[in-house]
Amino acid sequence: MRRCAVLLALFVLVPAVSSQAAELDARLNGAFRKPAQNGWIFVHLEGTPFNIGFQHGYLLAPEIQDAEKVVVLEQTRESRKDWKFFRNAARDMMWPHIEPEYREELQGISEGLRAKGVELDLWDVVALNAFCEWEYYVKEYNRRHRTSSTANLAAPEHCSAFAATGSYTRNGKVIIAHNDWTSYLDGARWIIVFDIVPKAGQRILMDGFPGAIHSADDFGINSAGIMITETTISHFSGYDPNGIPEFVRARKAMQYAASIDDFARIMKDGNNGGYANTWLVADRKTDEIASLELGLKNVTLQRTSDGYFVGSNFPADPKLVKEETNFNIKDLGESANARHVRWEQLMAQNKGKIDVAAAQRFLADHYDTFEKKEDADERTLCGHIELSPRGDGGWQPPYGAAGAVQNKVADATMAEHMSFTAAAGHACGLNFKSVEYLHQHSGFSWEKSMLRDMNADPWTTFTTALQSDQTGAKP
């Protein structure tokens, strides 16, 4: 009798286990990740917002767990606030302004992580998604609460980029290019290529950071022909806690914009000033490009079908410069200004010849316009803050190991086929070795546990996945 009871119990358990596996299979339906290729991890996600999030959390669980540790280390050290502060702000300040679609996706990520045994909850995931805009919030929080702080919260310089069209490109059609500048702590992990097929909106191909629903460094194309990138506005201040988080607006624009006007409208709606950027946008259908300089108080949209826009973290609108930054536009030794000069030189020298190969060369450029010579440092388009004689290159926040961490280019033909080319690490071919760097810069020993080597990998072309690409996402 006792033996029969045991057998009956086992029999009863089998359907429950099968049911759990079936539910997991249903949530992962169509999703997969490919083995790393030249430094990049390709991930395909599809379905409802919750399922896209679940797939994201499940397939990238180890990378998200690792990335969260880096973000916690950087944010708490920079702000002098603990991680609980950011979790509470994510719950109390950001969550009420996140629309249902992206709430579901964020919840899906946390559930996918839990299914893989990673103990990060929803507020960890939301706080991770906001990592690019926390410094803006903390600065405003300290101001409003009259909190004195030794934290260095100047908006950092991130990225070099351009968009060109018409007489400036080899075939008269649009092209965009971008490299991401950041600390090598998080930059070495900014190596995901996301192919997302949402239930609503456009299909997306973008680079990204583990656990983030937006690109975060903001390079991507969608199936409506919109091509998007940006560079951060240096030395910017301003944040509206009652606005929509930047990471939500950036993802929504990538997913729903079918025109330059759509993009500008979505980014301006509920603008909170977080992660203030100069956005460069192209429409492959019309071969028009635009620059949206999106401050909190001052917003300027320029557009052309024959010309170019460049980005290297310099603010352009005089009113924005005066009211929302402490940027010195006359200091030609400033990285943003030096790189701006170099972009203007390259656009003039290459008018009518700009194509994908030229864009790749631009992102590897080591000419310092302030020194007037080749010298890889914080003033070159391929940024090497770690090679600056000043130690941290004068770059804020004070991460010595920082600069360009990866690169992307897409022209109109590639965008039509939902494709772009990307290079992980420095486009110039220089490798970064963490042990060697920390041996020479003992002041940054606090990075030791998380700092990685960052090799310069070759340019690789990525495109949206075909059904035959699936390698499976079995539980």
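Residues numbered from 1 in each chain as written. Predicted model: local features only at pLDDT ≥ 70, side-chain atom pairs only at ≥ 80, totals over all residues. Heavy atoms only, no water.

Asker: Before we move on, can you summarise the overall build of the protein with the specific residues and values?
Answerer: On a plain count of helices and strands, the protein comes out with 15 helices and 17 strands. Counting over 475 residues, the protein shows a buried share of 60%. Taking as baseline every contact in the protein between residues at least 6 positions apart, the subset at least 24 positions apart corresponds to 69%. Roughly 18,500 Å² of accessible area belongs to the protein as shown, and the carbon and sulfur atoms make up 51% of that amount. (Helix = DSSP H or I, 4+ residues; strand = E, 2+ residues; numbered from the N terminus. Buried < 20%, exposed > 50% of the residue type's maximum accessible area, 1.4 Å probe, protein only. Contact = heavy atoms within 4.5 Å. Areas by Shrake-Rupley, 256 points an atom, 1.4 Å probe, with all protein chains shown as cover.)

Asker: Give a detailed account of the state of the cysteines, specifying residues and quantitative values.
Answerer: Inspection of every chain in the model, using the stated rule, returns zero disulfides. Take Cys159: it sits in no disulfide, and the sulfur closest to it among the cysteines is that of Cys132, at 8.8 Å. Left without a disulfide partner, Cys428 is nearest to the cysteine sulfur of Cys382, which lies 3.8 Å away. (Disulfide = S-S within 2.5 Å.)

Asker: Tell me what's going on with helix 2 (residues 49-59), and back it up with residues and numbers.
Answerer: Of all the eleven residues making up helix 2, ten are buried; the element is thus mostly covered by neighbouring parts of the structure. Burial in helix 2 covers these residues: Pro49, Asn51, Ile52, Gly53, Phe54, Gln55, His56, Gly57, Tyr58 and Leu59.

Asker: Residues and numbers for the pairing of strand 12 (residues 307-311), please.
Answerer: Here strand 12 lies mainly inside the structure; four of its five residues are buried. As paired strands, strand 3 (residues 160-165) and strand 12 are joined by five bridges and run antiparallel to one another. Within strand 12, the position partnered with Ala161 by the bridge is Gly311. (Pairing = 2+ DSSP bridges.)

Asker: With reference to specific residues and values, describe the pairing of strand 10 (residues 288-294).
Answerer: Within strand 10, seven of the seven residues are buried, leaving the element largely enclosed by the surrounding structure. Residues Glu288, Ala290, Leu292 and Leu294 line one face of strand 10 and the alternating positions Ile289, Ser291 and Glu293 line the opposite face, and both faces are buried. Note: strand 9 (residues 277-283) against strand 10, seven bridges, orientation antiparallel. Residue pairing for strand 10: Asn277 is matched across the bridge by Leu294.

Asker: Break down the sheet that holds strand 3 for me, with residues and values.
Answerer: Read from one edge of the open sheet, six strands run 12-3-4-15-16-17, paired in antiparallel fashion. With partners counted over all chains shown, the strands left at the sheet margins are strand 12 and strand 17 (460-463), one partner each. This sheet shows a mean twist of 20° between the axes of neighbouring strands, independent of strand direction. One ladder, built from five bridges, connects strand 3 with strand 4 (residues 175-183); its direction is antiparallel. Pairing of Ser160 across the sheet is with Asn179, part of strand 4. Where helix 12 (residues 335-349) meets the sheet, it contacts strand 3, strand 4 and strand 12, and its direction lies at approximately 155° from that of strand 12. (Axes fitted to C-alpha atoms, helices over the stretch in contact; angles between N-to-C directions.)

Asker: I'd like a rundown of the packing of aromatic side chains, residues and numbers included.
Answerer: Throughout the structure, instances matching the rule amount to 26 aromatic pairs. Taken together, Trp83, Phe85, Phe86, Trp134, Tyr137, Tyr141 and Tyr239 form an aromatic cluster joined through their ring pairs. The ring of Phe85 carries Lys81 above its face, with NZ or CZ at 5.0 Å from the centroid. Geometry around Tyr58 places Lys116 over its ring, the cationic atom sitting 4.7 Å from the centre. (Phe/Tyr/Trp six-rings, centres within 6.5 Å; stacked < 30°, edge-to-face > 60°. Lys NZ or Arg CZ within 6 Å of the ring centre and 35° of its normal.)

Asker: Outline the confidence of the model for the protein, supporting the account with residue identities and numerical values.
Answerer: The predicted model of the protein averages 91 in pLDDT, with 90% of residues at 70 or higher. Segment residues 1-15 is flagged for pLDDT under 50; beyond a separation of four residues in sequence, or across chains, it makes zero contacts in the model. (pLDDT = per-residue confidence, 0-100.)

Asker: Which residues make up the packing of helix 2 against helix 3 (residues 61-79), and what values go with them?
Answerer: For any two helices packed against each other, the geometry comes down to the angle between their axes and how far apart the axes lie. Two numbers describe how helix 2 lies on helix 3: the axes approach to 5 Å, and their chain directions differ by 80°. The orientation of helix 2 relative to helix 3 falls into the category roughly perpendicular. For the pair helix 2 and helix 3, the contacting residues are His56, Gly57, Tyr58 and Leu59 in the first and Ala61, Glu63 and Ile64 in the second. (Parallel < 35°, antiparallel > 145°, perpendicular 65-115°, else oblique.)

Asker: Now, about the nonpolar core: what can you tell me, with residues and values included?
Answerer: Core analysis: the largest hydrophobic core is formed by 103 residues, its most contacted members being Leu106, Val126, Trp134, Phe247 and Phe263. Looking at this core element by element, the count peaks at seven residues for helix 4 (residues 83-94). Each residue touching Val126, except ones within four places of it in the same chain, is listed here: Ala90, Trp95, Ile98, Leu106 and Phe247. With 23 residues, the next largest nonpolar core counts Phe162, Ala177, Phe327 and Ala358 among its residues. (Core = buried A, V, L, I, M, F, W, Y, C linked by side-chain atoms within 4.5 Å.)

Asker: Break down the sheet that holds strand 1 (residues 32-33) for me, citing the residues and quoting the values.
Answerer: Read across the sheet, nine strands follow the order 1-2-5-6-7-8-9-10-11 without closing on themselves; strand pairing throughout is mixed. Strand pairing shows two members of the sheet lacking a second neighbour, strand 1 and strand 11 (299-304), which therefore form its edges. For strand 6 (residues 204-208) and strand 7 (residues 220-222), the ladder comprises three bridges, and the chain directions are antiparallel. Residue pairing across strands places Met206 opposite Gly220, the latter belonging to strand 7. Together, strand 1, strand 2 (41-47) and strand 5 (192-198) form the strand contacts of helix 2, whose direction differs from that of strand 2 by roughly 155°.

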